[in-house]
Amino acid sequence: MRTYYTLKDKIVDKWNLHSAAQNVFANQGSAGIDNQSIEEFEDNYKQNMREIHRQLKEERYEPSPVLRVFIPKGDGRQRPLGIPTVKDRIVQEAVRRIIEPIFEKIFCDCSYGFRKGRSTIEAIQKIEEHQQQGYNWVVDADIKGYFDNIDQELLMEFVTQRINDGWVLRILKSWLTAGVMTEQGLEKTPLGTPQGGVISPLLANIYLHQFDKEMTERGYRVVRYADDFVVLAKSSRKAKRTLEVIKEITEKKLNLKLHPEKTVVTNFGKGFVFLGYEFIAWRYKRPRKKALKKFKDKIRKITRRQQPFPVEMIISKLNPVIRGWGNYFGMGNVKILFERLDEWIRMRLRAFMEGKKAHYNQNRRIPSALLKQKGLQSLLTTLS
């Protein structure tokens, strides 16, 4: 297995830095602790990029702490998110562009999250493929606070197995230890990778690659998307043994903890949830309740009454949401659900057009054909 010793020149290459900046701009995002927005950075682009290039070349680059913000979760709780400065995001992206292909060569097929050309849909399909092969029992595992509890020393050891360029390793380490700025002041980060950093998903995959590698070498059927994974087995006894092996690797070799209440041995009959899908019965799956609620909340927000916009503009906002949700969950047993949701969306749209509270007898006043004529798309059409 090849080890890479000299990557600095590729990373500080001006074209690589420029491409990294364009990717960061395309992804948008908020300002970090320096309050510099992407627009402000772009206003003085050439000078800012020259300064980044100079700092990297002369080994004077030091990252700023990330700004901690909280975003709401579906269960009402809040998830911490770290926002690096625009400058730090560009440098992280420049490093990621060079080192990610090195690790892609060794990543296992069972890993689907944050990888180019791989998707949640493929992960779901792989689960069903294993089921068809007789793997009907499932260890549904949950790592407790994964991103916040990654052992940084172990992570750097795993990186060094492929990259032994001291300049790159120092930069990676500096991001891990830069700290988090909160309302109470600067907090040190002796563990974990800040969620929100451009480089964090790659580092998270590098860390759990050790798990993927050992499990697949032992012949286990793993399907992993970031820190969310299931392992399939052919019997209850084998599934229970599989859970012991998972604990052995995660707790003893990776210094992680499985969530005791969320990690369970189950099967396709009893059901489990993975990547937004609820698997229930042996050949049946549907969107989980959280996914359905989130979708309906988006539709409600777009179609709320008393907006000074033409209905065509509302429809143009609805259609991408309808297509995206339908294309993803169309793999499930959803025909009846999609019919009901289509009717509900039309009801919401009629209420918007009339400026009145939504109720089902509106069907008689504004025909569905008119809404279709105005461009409204349907969940059902994503099934065909």
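Please read these numbers as outputs of a predicted model, since none were measured by experiment.

J.: I keep staring at the overall build of the protein and nothing clicks. Help me out?
T.: The helix and strand tally for the protein stands at 15 helices and 11 strands. By principal-axis analysis of the C-alpha atoms, the protein measures approximately 70 × 60 × 40 Å. Considering the protein as a whole, with its 384 residues, one finds that 48% of them fall into the buried category. In the protein, the share of contacts with a sequence separation of at least 24, taken over all contacts with a separation of at least 6, comes to 71%.

J.: Teacher, can you tell me more about the packing of helix α10 (residues 200-217) against helix α11 (residues 236-253) here?
T.: The description of two packed helices rests on the angle between their axes and on the distance between the axes. In the contact formed by α10 and α11, the axes pass within 11 Å of each other and the chain directions differ by 145°. Crossing hand, α10 versus α11: right-handed. Along its contact with α10, which presents F211, E214 and M215, the element α11 presents T242, V245, I246, I249, T250 and K253. Among the residues forming the contact of α10 with α11, the class breakdown is five nonpolar, two polar and two charged.

J.: Where do I start with the packing of helix α8 (residues 152-160) against helix α9 (residues 166-176) in this structure?
T.: Relative to each other, α8 and α9 sit at 155°, their axes nearing to 11 Å. By the criterion of interaxial angle, the relationship of α8 to α9 is roughly antiparallel. Relative to α9, the crossing made by α8 is right-handed. The segment α8 lies against α9, with Q152, E153, L155, M156, V159 and T160 engaging L169, L172, K173 and L176. Of the residues contributing to the contact of α8 with α9, the split by class is six nonpolar, two polar and two charged.

J.: Could you clarify how one ought to interpret the pairing of strand β1 (residues 66-72) in this entry?
T.: Successive side chains on a regular strand alternate, one facing one side of the sheet and the next facing the other. Summarising the sheet, β1 and strand β4 (residues 180-182) pair through two bridges and their orientation is parallel. Within β4, the residue paired with V66 across the bridge is V180. As judged from the six bridges shared by β1 and strand β2 (residues 78-83), these two strands associate in the antiparallel manner. Paired with V69 across the two strands is L81, which belongs to β2.

J.: Help me understand the side chain of T250, please; the structure alone is not making it clear to me.
T.: Take T250: it is sitting in helix α11. Residues contacting T250, with those up to four places away along its chain left out, are F211, N255, L256 and L258.

J.: Quick question: what am I supposed to make of unusual backbone geometry here?
T.: Leaving glycine aside, a negative phi is the common case for residues, and trans is the common case for peptide bonds. The residue E59 is not glycine, and still its phi comes out positive at about 60°. By the secondary structure assignment, E59 is in the loop between α4 (45-57) and β1. Unlike most non-glycine residues, F114 shows phi in positive territory, near 55°. Mapped onto the secondary structure, F114 falls in the loop between α5 (86-104) and α6 (120-132). In this structure F114 comes out as partly exposed when scored by relative accessible area, which is 43%.

J.: In this structure, what is going on with the nonpolar core? I would like to understand it.
T.: Nonpolar side chains tend toward joint burial in soluble globular proteins. Residues I90 and L172 are the most contacted members of the largest nonpolar core, which totals 70 residues. Counting residues per element, this core draws most heavily on α5, which supplies nine residues. Not counting residues within four places of it along the chain, the set of residues in contact with I90 comprises L17, A20, A21, V24, F25, F41, M49 and I52. Counting 39 residues, the second-largest nonpolar core is a separate cluster that includes F274, F295, I322 and V334.

J.: How should the environment of V334 be read in this particular structure?
T.: With respect to the secondary-structure elements, V334 resides in the loop between α13 (311-329) and α14 (335-354). With a relative accessible area of 2%, V334 lands in the buried category. Separated by 274 residues in the primary sequence, V334 and R60 have C-alpha atoms spaced 56 Å apart. Other than its neighbours up to four places away in sequence, V334 contacts P287, F329 and L383.

J.: Would you take a moment to explain the pairing of strand β6 (residues 221-225) for this structure?
T.: Bridge count for β6 against strand β7 (residues 228-233) is five bridges, and the pairing is antiparallel. Looking at the pairing, V222 lines up with V231 of β7. Linking β6 to β7, which pair antiparallel, is a turn of two residues; within it A226 sits at a positive phi near 60°.

J.: Any chance you could explain the sheet that holds strand β5 (residues 185-187) here in plain terms?
T.: In any sheet, the strands associate via hydrogen bonds between backbone groups, in a parallel or an antiparallel arrangement. Strand order in this open sheet of four strands is β2-β1-β4-β5, and the pairing throughout is mixed. At either margin of the open sheet sits one strand with a lone partner, and together these are β2 and β5. Going across the sheet, the axis of each strand differs from the next one's by a mean of 45°, ignoring polarity.

What counts, and at which threshold
Residues numbered from 1 in each chain as written. Predicted model: local features only at pLDDT ≥ 70, side-chain atom pairs only at ≥ 80, totals over all residues. Heavy atoms only, no water. Helix = DSSP H or I, 4+ residues; strand = E, 2+ residues; numbered from the N terminus. Buried < 20%, exposed > 50% of the residue type's maximum accessible area, 1.4 Å probe, protein only. Contact = heavy atoms within 4.5 Å. Axes fitted to C-alpha atoms, helices over the stretch in contact; angles between N-to-C directions. Left-handed = near helix turned anticlockwise from the far one by under 90°. Nonpolar A, V, L, I, M, F, W, Y, C, P; charged D, E, K, R; others polar. Parallel < 35°, antiparallel > 145°, perpendicular 65-115°, else oblique. Pairing = 2+ DSSP bridges. Core = buried A, V, L, I, M, F, W, Y, C linked by side-chain atoms within 4.5 Å.

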